[in-house]
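So you can see what is in the structure, the chains are spelled out below.
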Amino acid sequence: MTNVLPSTGRQIINGLQRSFPIILSYIPVGFTYGVLAHKAGISDINVILMSMLVFAGSGQFIAVGMMAGGAGALAVILTTFVVNLRHLLMAASLSPWMAQWSRPLLVLFSADITDETFAMNSAKAVELNDCKAEALSLNITAHSSWVLGGALGALASGLISDVRPLGLDFALAGMFIGLIVLQVDSTVKVLTAICAGILGTVLYACGLQEFYIIIATVVAATFGLGVELWIKR
Amino acid sequence: MDQTLILWIIIGMWAVSFLPRMLPLQLLSGRQLHPLFAAWLKLVPAAVLPAILVPLVLLEKGAGGELHFNALFLIVTLICFPLAAKYKSLSLPVVLGMVLVAAGRWFFPA
């Protein structure tokens with residue numbers, strides 16, 4: 001490549017700017033998580049700690065729901081594992097683009113892999129080796145806004161008797177609509193998405209409420225790959 | 001609830017969330033993946049996101065854990081989706097969606 005790399009400072013600012021749409025959705029979704037977690041009887045410190053350590057939107061919502069319903073520790077942890085297992089696939093799909101990253105920086109990066117940061121980073125995957133500071137800035141800013149949203153939700157929880165009249169329970173769905181629109185950009189991906197949506201719904205309705213995400217993902221991506229190979233034949 | 005137990009649950013959740021994120025990057029970074037596996041991985045986001053979203057907007061869990069069809073979420077999704085696609089926006093469907101759901105419940109209380 002002949003172009004000059006942006007300076008580290010410039011990269012950090014670029015990362016901040018690229019994280020802006022994530023922040024706009026993480027604050028309300030994190031806020032909703034904070035409200036629900038506080039209402040479930042989780043202390044403010046633990047509400048914030050979960051956002052700092054686990055950093056997974058749907059995983060945290062499901063865990064809070066299970067704890068509120070009196071589920072045991074092992075059931076909550078196992079469900080979190082299954083629901084968040086998709087990050088393994090995301091990390092694997094970014095790995096070819098990160099050959100020049102040191103191991104400590106990879107650890108720092110991997111702690112912040114979510115659907116949203118993955119969508120942003122994979123959109124500029126070819127630049128990951130050159131723009132480490134930009135990717136880390138994007139990830140850390142997004143994570144900070146997630147923690148902030150959760151903290152605000154926990155604090156405001158006493159003022160909000162029910163999240164439903166405010167439409168807060170739609171926040172997570174809204175974020176996923178935005179993510180799908182960014183990710184699904186080819187016919188094969190549209191077919192994969194339709195297959196995953198139908199399969200996920202059927203499995204969920206059949207009571208596979210811990211495993212529907214991972215099963216639907218693996219089957220639909222395999223189906224999509226089959227379609228792709230068939231088209232290129 | 002026992003906050004110490006919750007703390008231990010959170011630490012367990014951290015371990016099972018962090019390892020699947022970290023290990024692939026440590027083990028695979030820079031390696032050439034098999035082209036078929038790489039092509040499969042490229043389809044993962046397009047698969048995982050709808051697998052979460054569609055049940056979330058179609059089905060609602062009742063107080064006793066029974067599932068209901070969620071007409072309001074479906075209608076709001078059908079409005080937000082084309083707008084999000086047109087403006088390529090991550091935050092528009094979040095904000096507009098919450099406003100529409102709130103408005104829907106205000107004008108048509110269940």
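Let's hear about the overall build of chain A: which residues, and what values?
Check the secondary structure of chain A and you find 11 helices and zero strands. Taken from the N to the C terminus, the helices and strands of chain A come in the order α-α-α-α-α-α-α-α-α-α-α. Rg of the C-alpha trace for chain A: 19 Å, near the compact-globule value of 17 Å for 233 residues, within the 12% margin. Counting every position in chain A, which comprises 233 residues, the buried fraction comes to 56%.

Outline the domain arrangement of chain A, supporting the account with residue identities and numerical values.
Residues and elements named next belong to chain A. Domain assignment breaks chain A into domain 1 (8-183) and domain 2 (185-233). One C-alpha centre belongs to domain 1, the other to domain 2, and the line joining them spans 23 Å. Opposite the seven residues of domain 1 that make contact, domain 2 presents seven residues. Interface area, domain 1 with domain 2, both sides summed: about 720 Å², of which 73% is carbon and sulfur. On the surface where domain 1 and domain 2 come into contact, there are zero salt bridges. Those elements that provide at least two residues to the side of domain 1 that touches domain 2 are α4 (73-84) and α5 (86-94). When residues in the side of domain 1 that touches domain 2 are grouped by element, the largest group, three residues, is from α4. Classifying every residue of the side of domain 1 that touches domain 2 gives four nonpolar, two polar and one charged.

Hey, could you go over the packing of aromatic side chains for me, with residue numbers and the actual values?
Residue and element names in this part refer to chain A. Here the structure, examined in full by the defined rule, presents 10 aromatic pairs over all chains. Here the aromatic rings of W101 and F109 are separated by 5.3 Å at their centres, their planes lie at 70 degrees, and the arrangement is edge-to-face. Using a relative accessible area of 5% as the deciding quantity, one classes W101 as buried. According to the relative accessible area criterion, F109 is buried, its value standing at 0%.

How each quantity is defined
Residues numbered from 1 in each chain as written. Chains lettered and ligands numbered in written order. Predicted model: local features only at pLDDT ≥ 70, side-chain atom pairs only at ≥ 80, totals over all residues. Heavy atoms only, no water. Helix = DSSP H or I, 4+ residues; strand = E, 2+ residues; numbered from the N terminus. Rg over C-alpha atoms; globule rule 2.2 N^0.38 Å. Buried < 20%, exposed > 50% of the residue type's maximum accessible area, 1.4 Å probe, protein only. Domains from an automatic or database assignment. Contact = heavy atoms within 4.5 Å. Buried area = accessible area lost by both parts, 1.4 Å probe. Salt bridge = Lys/Arg side-chain N within 4 Å of Asp/Glu carboxyl O. Nonpolar A, V, L, I, M, F, W, Y, C, P; charged D, E, K, R; others polar. Phe/Tyr/Trp six-rings, centres within 6.5 Å; stacked < 30°, edge-to-face > 60°.

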